[in-house]
Structures are given as structure tokens and as C-alpha cells.
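Tertiary structure, described
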Amino acid sequence: MPVFAVIFLVMSALVFLAVSLGLKYWESERKKRVAKILHMTAGPGTPPPETLIRNDDQDSPITVLLSRWDFSRRLDAWIRQAGLEWSAAQLLLVTAMLAGVGAVFGAATRLVFVWWWSAAAFALVLGSLPWLYLQRKRRQRLAQFEKQFPEALDFISRAMRAGHAFTATLEMLANESPPPIGPEFRKLYDEQNLGAPLEVAMRKLVLRVPMVDVRFFVSAVLLQKYTGGNLGEILRNLARVIRERFQLKGHVRAASAHGRITATVLTILPIATMCGLMFLAPDYLRYMATDEHGKYLVIGAVVLLIIGYYFMRRIINIKI
């Protein structure tokens, strides 16, 4: 009966992973549409050049080979957004190694029906661990940046009203701010100080921090440069709007907490019930793992569980 428990848990993890990737893809498409609108508002700009800081891993054969694909550049952007000192080649190498270990283990144990199903399942589960860690670090870093960003805008606004230049304000903000906002504005200041146009440096900030608030900030700065106006007042109003939106998001999360807890409980409850039956009444589920039609019942249970989880997530995922 432990074999049946492992089968159910592995299949649940695989389907949950597929649904999570699908939700992230739809969210990225929504952000691309918003970014396109903001790009049209800011006007056309010079394409951002290559980074001015050289990486020792840039000359490796694997990196040169991966640089031919857009996916490698996107993966490098995710790693930078997570604040990790990795490269796309290192991440793919670790993924391949873990997937190989999982395939060997799955083929040797044959816990999921036949050996090739078991090998593929364990390879997918172990190979996805670095990606899950990367997404978790990226989400945490962007959330921390979002909390610090209104204070940074207020700092820039006060410094400019005191008579400081915009570039000097960026340097002061970089020196006095904690991570992650300090290092990001340090890169922004260093790039424009080393000769990159301000438009290019600002657009590279958007690539490193793909947030709607940062795009508003870049659009405001570029529009003020071309049309004039009181940038300090604009940034102060933008900081106030971001704080109000952040407070509204907190109220929405508090209001939807009951739904999120319900979704979690209803998702975990069938798995916990199955594990309890394995220990209390092992004969109850014994024939499910060996019966010819029991496999299809397991697949159907997992699919229905994921469908319910998906719709509950869609209901409680309120966009602000």
C-alpha cells in the first residue's frame, strides 16, 4: 500500500506543477499587454545595449551556445530578478543532473505503474526543484522591492525639491537604501554614469524589475525629460498612489484569506484521508493499486482534484 500512496502523491505533484506553470504563463501574458501599453506611453527608445559589467561565465562554450536562443536570455533575466549568482548554463546543468538522478531512481523502484512512467515522473519532480526555488526567490525579492519602492520615490522627490540633480539623487538613494532596491538603483546610476543614456539605463531597470510600478516610474521620468514639469511632485503623487494600491491589495488578501485557506484544506484533505486509510485500514485501498481499472480511478481523482483547485484559485486570485 505505500506504493499506492507514492503513486497518488507523485501524480498530484505533477498535475499541480502543470497547473502552476499554466497560471504563470497567463499572468506573464497579462503583464506583457500592460508593458506594451506603458511602452507606447513612454515612446520609442534606443534598444538597451549589452551589460557594461563583464561576467566570467560569458565565454564558456555552453553560454555561447545558449545565447543563440531567446529562452536563455529570458532565463538570465529571471535569475537576475531573483538576485542569484547563477547563470542559465549552471541552472540547466543542475536541472539535467537532478532529472537524471530522478530517472535512475524511478526506473529502479518502479513506483509509478511501469518503469518508464516511474522514471519520467521522478525525473520531472526532481528536475523541477531548481526552477521552483528560482521562482520562489524571484517572487520574494520582487515583493520586497515593491514594499520599499514608495519610500524610494519619496526620497527622490524630497531630494529633488531640496535642489539635487536627478542623477545625484540616484546615487544617494543607492548608498542609503537596503537590498534589493539599493543594488538595483546602484546599477541604474553606474550604467548612466559610465556613459549609457538615461533612457537606456531606465529601460534596463524595467527589464531587471518587471513591475508595473517601476514602469510608471520610468514613464514619468522619461515624459518629464521630454515635456518638462515638476518631477518631484509627480513622484510624490506616484508614491501615494502606490501606497494606496498596496493597502488595497492587503485588504483584498485579508478578505480572501478564508477562500485561500478553504482551497488549501480541500486540496490537502483527500491526500490526508488516503494516507490515514493506508495506516488505519490498509486492506481498504489494497486492490486499487493492483486492479486494472484502479489506475484510471487514481488518474480521474487527481484530475478532478486539480480542476477544483484551479477554479478555487481563479476565484480568489483578485487582480489589483
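Residues numbered from 1 in each chain as written. Predicted model: local features only at pLDDT ≥ 70, side-chain atom pairs only at ≥ 80, totals over all residues. Heavy atoms only, no water.

Quick notes on the overall build of the protein chain
For the protein chain, the helix and strand inventory stands at 14 helices and zero strands. Counted from the first residue to the last, the protein chain has its helices and strands arranged as α-α-α-α-α-α-α-α-α-α-α-α-α-α. Residue pairs at least 24 apart in sequence account for 68% of intrachain contacts in the protein chain once pairs closer than 6 positions are excluded. Of the roughly 18,900 Å² that the protein chain leaves accessible, carbon and sulfur atoms contribute 65%. (Helix = DSSP H or I, 4+ residues; strand = E, 2+ residues; numbered from the N terminus. Contact = heavy atoms within 4.5 Å. Areas by Shrake-Rupley, 256 points an atom, 1.4 Å probe, with all protein chains shown as cover.)

Here we look at the environment of K147
Its location among the elements puts K147 in helix α6 (residues 129-161). For the pair K147 and I242, spaced 95 residues apart in sequence, the C-alpha to C-alpha distance is 9.5 Å.

Digging into the nonpolar core
By size, the foremost hydrophobic cluster in this structure holds 32 residues, and its most contacted members are F149, F185, V214 and F217. When contributions to this core are tallied by element, the ones reaching two or more residues are α6, α7 (166-176), α8 (181-193), α9 (198-208), α10 (212-227) and α11 (231-255). It is α6 that provides the largest number of residues to this core, a total of seven residues. One finds I79, L84, A88 and L134 within the second-largest nonpolar core, a separate group that totals seven residues. (Core = buried A, V, L, I, M, F, W, Y, C linked by side-chain atoms within 4.5 Å. Buried < 20%, exposed > 50% of the residue type's maximum accessible area, 1.4 Å probe, protein only.)

Some details on α7
An α-helix turns once per 3.6 residues; consequently, residues spaced three or four apart project the same way. Considered for burial, the residues of α7 that qualify are F166, T169, L170, L173 and A174. Seen along its axis, α7 keeps its buried residues to an arc of 135 degrees; they face one direction. Where α7 is buried, its residues contact α6, α8, α9, α10 and α11. (Arc of directions from axis to C-beta.)

Some thoughts on unusual backbone geometry
Put simply, P179 and P180 share a cis peptide bond, and its omega is 5 degrees. By the secondary structure assignment, P180 is in the loop between α7 and α8.

Structural notes on a nonpolar patch on the surface
Taken together, V303, L304, I307 and F311 make up a surface patch of nonpolar side chains, about 390 Å² in accessible area. For L304, the position within the fold is in helix α14 (residues 294-316). (Patch = residues over 30% accessible without salt bridge, like charges linked within 9 Å, V, L, I, M, F, W, Y side chains within 5 Å. Salt bridge = Lys/Arg side-chain N within 4 Å of Asp/Glu carboxyl O.)

Thoughts on the pattern of salt bridges
Taken as a whole, this structure holds 11 salt bridges when the rule is applied. Here D213 makes a salt bridge to R245, at a shortest N to O gap of 2.5 Å. Pair noted here: D213 is in helix α10 and R245 is in helix α11, with a separation of 32 residues, a long-range link. On the basis of relative accessibility, which here comes to 2%, the residue D213 falls in the buried class. Measuring nitrogen to oxygen at the nearest pair gives 3.5 Å for the salt bridge that ties R240 to E244. Placement of the pair is R240 and E244 together in helix α11, with a separation of four residues, close to one helical turn. Classification of R240 as partly exposed rests on a relative accessible area of 44%. What emerges from the salt-bridge pattern is a single network uniting R141, E184, E191 and R208.

With respect to the packing of aromatic side chains
Applying the stated criterion to the full structure yields six aromatic pairs. Measuring from ring centre to ring centre gives 5.8 Å for F149 and F217, while their planes differ by 85 degrees; the resulting arrangement is edge-to-face. A residue pair is termed long-range when its members are at least 10 positions apart, and F149 in helix α6 and F217 in helix α10 qualify at 68 residues. Take F217: its relative accessible area is 0%, and that puts it in the buried class. (Phe/Tyr/Trp six-rings, centres within 6.5 Å; stacked < 30°, edge-to-face > 60°.)

A word on the packing of helix α3 (residues 70-82) against α6
In the contact formed by α3 and α6, the axes pass within 7 Å of each other and the chain directions differ by 55 degrees. By the angle class used here, α3 and α6 are oblique. Note that α3 runs across α6; the crossing there is left-handed. Facing α3, whose interface residues are F71, L75, W78, I79, R80, Q81 and A82, α6 presents W131, L134, Q135, K137, R138 and R141. A per-class count over the contact of α3 with α6 returns seven nonpolar, two polar and four charged. (Axes fitted to C-alpha atoms, helices over the stretch in contact; angles between N-to-C directions. Parallel < 35°, antiparallel > 145°, perpendicular 65-115°, else oblique. Left-handed = near helix turned anticlockwise from the far one by under 90°. Nonpolar A, V, L, I, M, F, W, Y, C, P; charged D, E, K, R; others polar.)

Thoughts on the packing of α6 against α8
Running from N to C, α6 and α8 cross one another at 65 degrees; their axes reach a closest spacing of 9 Å. Residues R141, F145, Q148, F149, A152 and I156 of α6 form the contact with α8, whose participating residues are I181, E184 and F185.

Some thoughts on α6
With 33 residues, α6 should cover 48 Å at 1.5 Å per step; its first-to-last C-alpha distance of 48 Å lies within 8% of that length. At Q148, α6 is bent by approximately 35 degrees, the largest bend along its length, and proline P150 sits one to four residues beyond. Positive backbone phi, approximately 110 degrees, marks G163, located one or two places after α6. (Expected span 1.5 Å × (residues − 1). Bend = angle between axes of the 7 residues up to and from the residue.)

Just distances and angles here, no functional claims.
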